[in-house]
Amino acid sequence: MLYSRASGVAFAHYPKTGGTSLQHWFRRAFPDARLLVPDNPHLPVRTALEMIAANHGHGPRRPWLPWATGRQPPAPRIIVGVLREPFAMLVSLFEYCRDFPFAVEPTAVFIRAARHGGFVEFVRLAVVDGQLPTYESFFDAGGPAWPRTRLLDFQSLEAAFPALASDLRPRHPPSLEHRNAHGGTRDLDAYRAAAGSLIAREHAYFGWYYTHGAGRAGGTLASRAA
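Residues numbered from 1 in each chain as written. Predicted model: local features only at pLDDT ≥ 70, side-chain atom pairs only at ≥ 80, totals over all residues. Heavy atoms only, no water.

1. Concerning the overall build of the protein chain
Each helix and strand counted, the protein chain has 10 helices and 5 strands in total. The buried share among the 226 residues of the protein chain stands at 47%. Put simply, 71% of the contacts in the protein chain that link residues at least 6 apart link residues at least 24 apart. In the form shown here, the protein chain has an accessible surface area of approximately 10,700 Å², with 54% of it arising from carbon and sulfur atoms. (Helix = DSSP H or I, 4+ residues; strand = E, 2+ residues; numbered from the N terminus. Buried < 20%, exposed > 50% of the residue type's maximum accessible area, 1.4 Å probe, protein only. Contact = heavy atoms within 4.5 Å. Areas by Shrake-Rupley, 256 points an atom, 1.4 Å probe, with all protein chains shown as cover.)

2. Brief notes about the sheet that holds strand E4 (residues 78–83)
Taken in spatial order, the 5 strands line up as E3-E1-E2-E4-E5 in an open sheet, and their pairing is mixed. Here the strands that pair on one side only, and so sit at the sheet edges, are strand E3 (34–35) and strand E5 (149–153). Strand direction decides the pairing type here: strand E1 (residues 2–4) and E3, joined by 2 bridges, are antiparallel. Across the sheet, residue Leu 2 finds its bridge partner in E3, namely Leu 35. (Pairing = 2+ DSSP bridges.)

3. Here we look at the pattern of salt bridges
Evaluation of the coordinates by the stated rule reveals 8 salt bridges. When the shortest N-O distance is used, the salt bridge between Arg 186 and Glu 95 registers 2.7 Å. Of the two residues, Arg 186 is situated in the loop between helix H7 (157–168) and helix H8 (188–195) and Glu 95 in helix H3 (residues 86–99); the sequence distance between them amounts to 91 residues. Overall, Arg 186 belongs to the partly exposed group, its relative accessible area being 25%. You can call Glu 95 buried: its relative accessible area is 13%. Put simply, Arg 150 and Asp 167 hold a salt bridge, and the shortest N to O gap is 3.2 Å. Residue Arg 150 is located in strand E5, and its partner Asp 167 is located in helix H7; the two are separated by 17 residues in the primary sequence. (Salt bridge = Lys/Arg side-chain N within 4 Å of Asp/Glu carboxyl O.)

4. Here we look at the pairing of E5
The element E5 is extensively covered by neighbouring structure, given that 5 of its 5 residues are classed as buried. Burial of E5 is two-sided: the residues Thr 149, Leu 151 and Asp 153 facing one way and the residues Arg 150 and Leu 152 facing the other way are all buried. Here E4 runs beside E5; their pairing, made up of 5 bridges, is parallel. Each bridged residue has a counterpart across the sheet, and for Leu 83 the counterpart in E5 is Asp 153.

5. Considerations on the nonpolar core
Counting residues in each nonpolar core, the largest one holds 46 residues, and the members touching the most others are Phe 119, Phe 122, Leu 132, Tyr 135, Phe 139 and Phe 206. A per-element tally of this core places H3 first, with 7 residues. Excluding residues that lie within four positions of it along the chain, Phe 119 makes contacts with Phe 87, Leu 90, Val 91, Phe 94, Tyr 191 and Ala 195. Among the nonpolar cores identified, the runner-up in size contains 20 residues, and Leu 22, Phe 26, Ala 33 and Leu 152 belong to it. (Core = buried A, V, L, I, M, F, W, Y, C linked by side-chain atoms within 4.5 Å.)

6. Focus on the packing of H3 against helix H4 (residues 109–116)
The N-to-C vectors of H3 and H4 enclose an angle of 75°; their axes lie 7 Å apart at closest approach. Viewed along their axes, H3 and H4 adopt a mutual orientation that is roughly perpendicular. Facing Leu 93, Phe 94, Cys 97 and Arg 98 of H3, the residues of H4 in contact are Phe 110, Ile 111, Ala 114 and Arg 115. For the contact of H3 with H4, the per-class residue count stands at 6 nonpolar, no polar and 2 charged. (Axes fitted to C-alpha atoms, helices over the stretch in contact; angles between N-to-C directions. Parallel < 35°, antiparallel > 145°, perpendicular 65-115°, else oblique. Nonpolar A, V, L, I, M, F, W, Y, C, P; charged D, E, K, R; others polar.)

7. Comments concerning the packing of helix H5 (residues 119–128) against helix H9 (residues 198–205)
Relative to each other, H5 and H9 sit at 30°, their axes nearing to 10 Å. Here H5 is positioned roughly parallel relative to H9, judged by the angle of their axes. Between H5 and H9 lies a crossing whose hand is left-handed. Across from Val 120, Val 123, Arg 124, Ala 126, Val 127 and Val 128 in H5, the residues of H9 making contact are Leu 198, Arg 201, Glu 202 and Tyr 205. Here the residues of the contact of H5 with H9 are counted per class, giving 7 nonpolar, no polar and 3 charged. (Left-handed = near helix turned anticlockwise from the far one by under 90°.)

Written out as structure tokens, the structure is:
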């Protein structure tokens, strides 16, 4: 999670949902924003909130956090996240894991499947074995910060952004730049054909997205309650 203590806003980055662009925007909009764990931008919301509450400000474990030991940091007033149609997200994540030049070979089994196996094995590990978190577990749907969570729709992110920026109230709002975007078009039908019966498992696994989490009102600000 990327967290600005001064502004009380945070960004929870679920993989392959436009997070690189949004992190870049947050860092420019809120200069004090820091990742709670520098090498892990994909920290689930509940874990991140527990980390903030634990207040390891200038202790030996997390000296980079921008608050002092002994003072309880405020909980974020707004947590922002993005939802993307799950199958498209899985395809994007598969291609990223397959092609990214990792400095150190990943140890996560489903990522290794993308690099050395195939799409079917990757999807099976992600949604049948449950190695990829669901949206509702990642964003802690119904949890203590749920009323303060804003979920955007990936497909209409640009249209939603002016309302979000107004809600967050940065002093000097920058423009949203596209970063780490896929340059071409993906043949999702070919991936669906390869996945076969796993499509039904994907829909069941991400059932909350299809019934509660998908963007509403044109995808401006998605639901805040299940």
